[in-house]
Amino acid sequence: MTDQKQDRVLIFDTTLRDGEQSPGATMTHAEKVEIAGLLDEMGVDVIEAGFPIASEGDFAAVSEIARQAKTAQICGLARAQIGDIDRCWDAVKHARNPRIHTFIGTSPLHRAIPNLTMDQMADRIHETVTHARNLCENVQWSPMDATRTEADYLCRTVEIAIKAGATTINIPDTVGYTAPRESAALIRMLLERVPGADEIIFATHCHNDLGMATANSLAAVEAGARQVECTINGLGERAGNTALEEVVMALKVRNDIMPFQTRVDSTKLMNISRRVAAVSGFAVQFNKAIVGKNAFAHESGIHQDGMLKNAETFEIMRPADVGLTETNIVMGKHSGRAALRSKLENLGYELGDNQLKDVFVRFKELADRKKEIYDEDLIALMRIATDPEADRIKLKSMHVVCGTEGPNHARMTLTVDGDEHSTEQDGDGPVDASFKCIKAIVAHSARLQLYQVAAVTEGTDAQATVSVRLEEDGRIVTGQSADTDTVVASARAYIHALNRLLVRREKGGTDKREINYKDAS
Ligand SMILES: CC(=O)SCCNC(=O)CCNC(=O)[C@H](O)C(C)(C)COP(=O)(O)OP(=O)(O)OC[C@H]1O[C@@H](n2cnc3c(N)ncnc32)[C@H](O)[C@@H]1OP(=O)(O)O
Ligand SMILES: CC(C)C(=O)C(=O)O
């Protein structure tokens, strides 16, 4: 085999084996079969589907995945024990392209566990790899904890495995201990020193205990490894395994300095990431490279402005390359006018500069109180900001005392045609007290026909949208408002309805000065 000299890097996915070893990440049979199908479709070269000796369930899952695989090679894990290898073969043999992966810990710490001398372990490796190769054409052998194994002994065991018929030699950094330079040097050393090394494929299998799994894997590839073992979302024991999506995208985006190809269709990454997160119950951290919620999201004004002018200013990949439809411009307190204008345009609002200025002030006020502003929030904001009937009566301030003890009490200041008026009222609940304040300042005979509250978005900081319908002399008006404070939204909605009523009165020929107000303070 000469693949090591070529540009092609095989992607070996072990989400269903090493990934599933994360405490709590156990997947059902059906979920494993589904994920394997997605991996196969995405173009993964090898799927390590499980550890067949581990349980009847694992055996059944590996067998079914083997039967269903279309193009991917299906692999099972086995200890350096004949029984494990036979069981593994019984599961993977149904695949068009099966592989047995057998391993043993070669470092001093791991040699001590089965209590084998170096020579006894060497014999065991020879015996088990030979046995596996007699069953299957593709045999992968791993010296577990290779990065803490003495160089001479590592070379010796790798040579034995190659001679016994291993076609892939995987070099695991089992405890995430190595660093990029060392990872590369190890592969180079094996390629130089081990007879027959150029006839097989070297694989790299890194863990992320020091946050270097992807860097270590790529360093190994640059040194000559041509198979990367990884998992979706970096799922795996402790700090996880190398993340498949990171390796695939790093090789794609930085192909100028790492000229290697994979067969993975990167546009399927986001979907599979979400499925693995859902079935494993391991949510993806927001700032996770490639597949995190924020990987293609921008909230700060300067970034948003840059993105709108040229996406390459703050993005090195196109969202579509990982299966996202678009960059997510997140509206929040760090956003600027450019992003607000663009977002509103997308929602169908064309704003002049003055109008934008006004809406921007309201937007920042809201953003100071609310973590994230959703499209629905902006629509609610626009409904109020662009309503020409919204102006004669304005809420200047209000303070409400409510709870289980004592009367509910509201204190309120309104401006009516520019003049301030204040009052305080008790009520049957905070909304009733607030409405009484409005009525005390702006006397009217309108009847409250409807009062309705709905949450615009999710979360306890969601805006409440309140609708108030008033009826006066056959005129019916509806006012609406949205605020993170339901009582404030209620008062504003009431005032909005009253303002509309005033406009209706005017249109009906009544004098504008007909507003009756009294200062009740
Ligand atoms: C780095 C890795 O990810 S390695 C893979 C780790 N994954 C798993 O362990 C998940 C699946 N494992 C299991 O279901 C179980 O551990 C089984 C079925 C494999 C074995 O179960 P048990 O027979 O009850 O053994 P137990 O788990 O208690 O101990 C492991 C045994 O395997 C031996 N062993 C461990 N690794 C190897 C190996 N690579 N080759 C040969 N023997 C090994 C240990 O020395 C120990 O042997 P002992 O029972 O004679 O002391
Ligand atoms: C079985 C081996 C490859 C492993 O998972 C590890 O060493 O981390």
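What counts, and where the lines are drawn
- Residues numbered from 1 in each chain as written.
- Chains lettered and ligands numbered in written order.
- Predicted model: local features only at pLDDT ≥ 70, side-chain atom pairs only at ≥ 80, totals over all residues.
- Pairing = 2+ DSSP bridges.
- Helix = DSSP H or I, 4+ residues; strand = E, 2+ residues; numbered from the N terminus.
- Axes fitted to C-alpha atoms, helices over the stretch in contact; angles between N-to-C directions.
- Contact = placed C-beta atoms within 7 Å.
- Near = placed C-beta within 6 Å.
- Nonpolar A, V, L, I, M, F, W, Y, C, P; charged D, E, K, R; others polar.
- UniProt positions renumbered as here; feature names shortened; annotations may be inferred.
- pLDDT = per-residue confidence, 0-100.
- Parallel < 35°, antiparallel > 145°, perpendicular 65-115°, else oblique.
- Left-handed = near helix turned anticlockwise from the far one by under 90°.
- Buried ≥ 20, exposed ≤ 12 C-beta atoms within 10 Å, placed from the backbone.
- Right-handed = clockwise from strand over helix to strand, strands pointing away.

1. Let's talk about the sheet that holds strand β13 (residues 419–427)
Spatial strand order, β11-β12-β13: three strands in an open sheet with antiparallel pairing. Single-partner strands in this sheet number two, and they are β11 (393–401) and β13. Neighbour-to-neighbour, the strand axes of this sheet turn through a mean angle of 15°, independent of strand direction. Note: β11 against strand β12 (residues 408–416), eight bridges, orientation antiparallel. Residue pairing for β12: Val401 is matched across the bridge by His409. Contacting β11, β12 and β13, helix α15 (residues 430–441) runs over the sheet at an angle of about 140° to β13.

2. Brief notes about the environment of Thr460
With respect to the element layout, Thr460 can be found in the loop between β15 (447–455) and β16 (464–472). Here the alpha-carbon distance between Thr460 and Thr484, two residues 24 residues apart in the chain, equals 8.5 Å.

3. Focus: the site of ligand 2
Near ligand 2 the following residues occur: Asp18, Phe103, Ser142, Met144, Asn170, Pro172, Thr174, His205 and His207. Split by residue class, the shell around ligand 2 holds three nonpolar, five polar and one charged.

4. Here we look at the UniProt feature "domain: Pyruvate carboxyltransferase" (unreviewed entry) in the chain
On the UniProt side, "domain: Pyruvate carboxyltransferase" (unreviewed entry) is annotated at positions that read residues 9–270 here. Annotation note: span residues 9–270, helix share 42%, strand share 18%, distance between end C-alpha atoms 21 Å.

5. A look at the UniProt feature "binding site: Mn(2+)" (unreviewed entry) in the chain
In the numbering used here, UniProt assigns the "binding site: Mn(2+)" (unreviewed entry) feature to Asp18, His205, His207 and Asn241. These residues run over 224 residues, yet every pair of their C-alpha atoms falls within 10.3 Å of each other. When near neighbours in sequence (up to four residues on either side) are disregarded, His207 contacts Asp173, Thr174, Val175, Gly176, Ala213, Gly236, Arg238, Ala239 and Asn241. In this fold, Asn241 is placed in the loop between β8 (227–230) and α9 (244–253). Discounting residues that sit within four places of it in the chain, Asn241 has contacts with Thr14, Asp18, Gly19, His207, Asn208, Ala213, Cys230, Thr231, Gly234, Leu235 and Gly236.

6. Section: the confidence of the model for the chain
With 95% of its residues at a pLDDT of 70 or more, the chain has an overall mean of 90. For the stretch residues 1–5, pLDDT sits under 50, and the model shows 11 contacts to residues farther than four places along the chain or on other chains. Within the model, the stretch residues 510–521 combines pLDDT values under 50 with 21 contacts to residues more than four positions away or in other chains. Interface scoring of the predicted complex returns ipTM 0.97; its pTM is 0.77.

7. As for the site of ligand 1
Taken together, the neighbourhood of ligand 1 is formed by 14 residues, with Ala54, Arg79, Ala80, Ile104 and Pro114 sitting nearest. Across the shell around ligand 1, the residue classes break down as nine nonpolar, three polar and two charged.

8. Side note on the sheet that holds β15
Two modes of strand pairing occur in sheets, parallel and antiparallel, and in both the strands are linked by backbone hydrogen bonds. Read across the open sheet, the three strands follow the order β15-β16-β17; overall the sheet is antiparallel. The open sheet has two edge strands with one neighbour each: β15 and β17 (475–483). With direction set aside, neighbouring strand axes in the sheet form an average angle of 15°. Alignment of β15 against β16, held across eight bridges, turns out to be antiparallel. Bridge assignment links Leu450 to a residue of β16, and that residue is Arg469.

9. A few points about the packing of helix α12 (residues 337–346) against helix α13 (residues 353–369)
Between α12 and α13, the least distance of the axes is 11 Å, while the angle of their chain directions is 105°. Considered as vectors, α12 and α13 are oriented roughly perpendicular to each other. In this structure, α12 contributes Arg337, Leu340 and Arg341 to the contact, and α13 contributes Leu356, Phe360 and Phe363. Taken together, the residues of the contact of α12 with α13 sort by class into four nonpolar, no polar and two charged.

10. A closer look at the packing of helix α1 (residues 29–42) against helix α10 (residues 269–280)
When two helices pack together, their arrangement is captured by the angle between the axes and the distance separating the axes. Following both chains from N to C, one finds α1 and α10 inclined at 165°, their axes separated by 11 Å at the closest point. Between α1 and α10, the angle is such that the two are roughly antiparallel. The two elements α1 and α10 cross, and the hand of that crossing is left-handed. The segment α1 lies against α10, with Glu31, Ile35, Leu38, Leu39 and Met42 engaging Ile272, Arg275, Val276 and Val279. Residue composition of the contact of α1 with α10, by class: seven nonpolar, no polar and two charged.

11. Considerations on the pairing of strand β7 (residues 201–206)
Counting buried residues along β7, six of its six residues qualify, which places the element largely inside the surrounding structure. Covered by surrounding structure in β7 are Ile201, Ala203 and His205 together with Phe202, Thr204 and Cys206, the residues of both alternating faces. Summarising the sheet, strand β6 (residues 168–173) and β7 pair through six bridges and their orientation is parallel. Its bridge partner lying in β7, Pro172 is registered against His205. Where β7 meets β8, three bridges bridge the pair, whose relative direction is parallel.

12. Quick word on the pairing of strand β4 (residues 98–105)
Counting buried residues along β4, eight of its eight residues qualify, which places the element largely inside the surrounding structure. The alternating pattern of β4 places Pro98, Ile100, Thr102 and Ile104 on one face and Arg99, His101, Phe103 and Gly105 on the opposite face, and all of these are buried. As judged from the six bridges shared by strand β3 (residues 73–79) and β4, these two strands associate in the parallel manner. Paired with Leu77 across the two strands is His101, which belongs to β4. A crossover connection joins β3 to the parallel β4 through helix α3 (residues 82–92); in handedness this β-α-β unit is right-handed. Relative to strand β5 (residues 139–144), β4 runs parallel, the two being bridged by six bridges. By the bridge assignment, Ile104 is partnered in β5 with Pro143.

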